[in-house]
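Reading the structure
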Amino acid sequence: MIKHVVMWKFKDFAAGNLKEENIEIAVEKLLLLKDLVDEIKFLEVGKNINESDAAYELVLITEFENLSDLEQYQIHSEHEKVKDFIGKTAAKRVLVDYEK
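Throughout what follows, the structure given in this document is the object of discussion. (Residues numbered from 1 in each chain as written. Predicted model: local features only at pLDDT ≥ 70, side-chain atom pairs only at ≥ 80, totals over all residues. Heavy atoms only, no water.)

All of the buried residues along helix 2 (residues 67-75) are Asp69, Leu70 and Tyr73. Projected down its long axis, helix 2 shows its buried positions confined to an angular sector of 100°, all on one face. As for helix 2, its buried residues are in contact with strand 1 (2-10), helix 1 (19-36), strand 5 (58-64), helix 3 (77-89) and strand 6 (90-99). Capping the start of helix 2 is the job of one residue whose side-chain oxygen sits 3.1 Å from the backbone nitrogen of serine 68: asparagine 66. (Buried < 20%, exposed > 50% of the residue type's maximum accessible area, 1.4 Å probe, protein only. Helix = DSSP H or I, 4+ residues; strand = E, 2+ residues; numbered from the N terminus. Arc of directions from axis to C-beta. Contact = heavy atoms within 4.5 Å. Polar contact = N/O pair within 3.5 Å; in protein donor to acceptor, adjacent residues only side chain to side chain.)

This part is about the packing of aromatic side chains. Within this structure, the stated rule accounts for 1 aromatic pair. Ring centres of phenylalanine 64 and tyrosine 73 lie 5.0 Å apart, and the angle between their planes is 40°; this geometry places the pair in the tilted category. Judged by relative accessible area, which is 0%, phenylalanine 64 ranks as buried. Residue classification places tyrosine 73 among the buried residues on the basis of a relative accessible area of 1%. A cation sits over an aromatic face here: lysine 9 above tyrosine 56, 5.1 Å from the ring centre. (Phe/Tyr/Trp six-rings, centres within 6.5 Å; stacked < 30°, edge-to-face > 60°. Lys NZ or Arg CZ within 6 Å of the ring centre and 35° of its normal.)

If you want it as structure tokens, here you go:
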């Protein structure tokens, strides 16, 4: 099993929206991926509640059977649409993939 974890910090204003609006849109788009991408075995999205400057604002946790499924997810057209939106609205991104 492969875990794929991504965290973002968002721009104060982007794509015509304030930060909080873009975070909500990102949450909605990410949650829809579970039903649109067969390779996803588990998907969870969480908004940060920690006030620390070191904290990121949004996290995505997904699980895949293997690296091949993760690679298929990464090039899936629905994932590309979400990636495009978040790419325009996020200021910073970090990720980790690991075998469970």
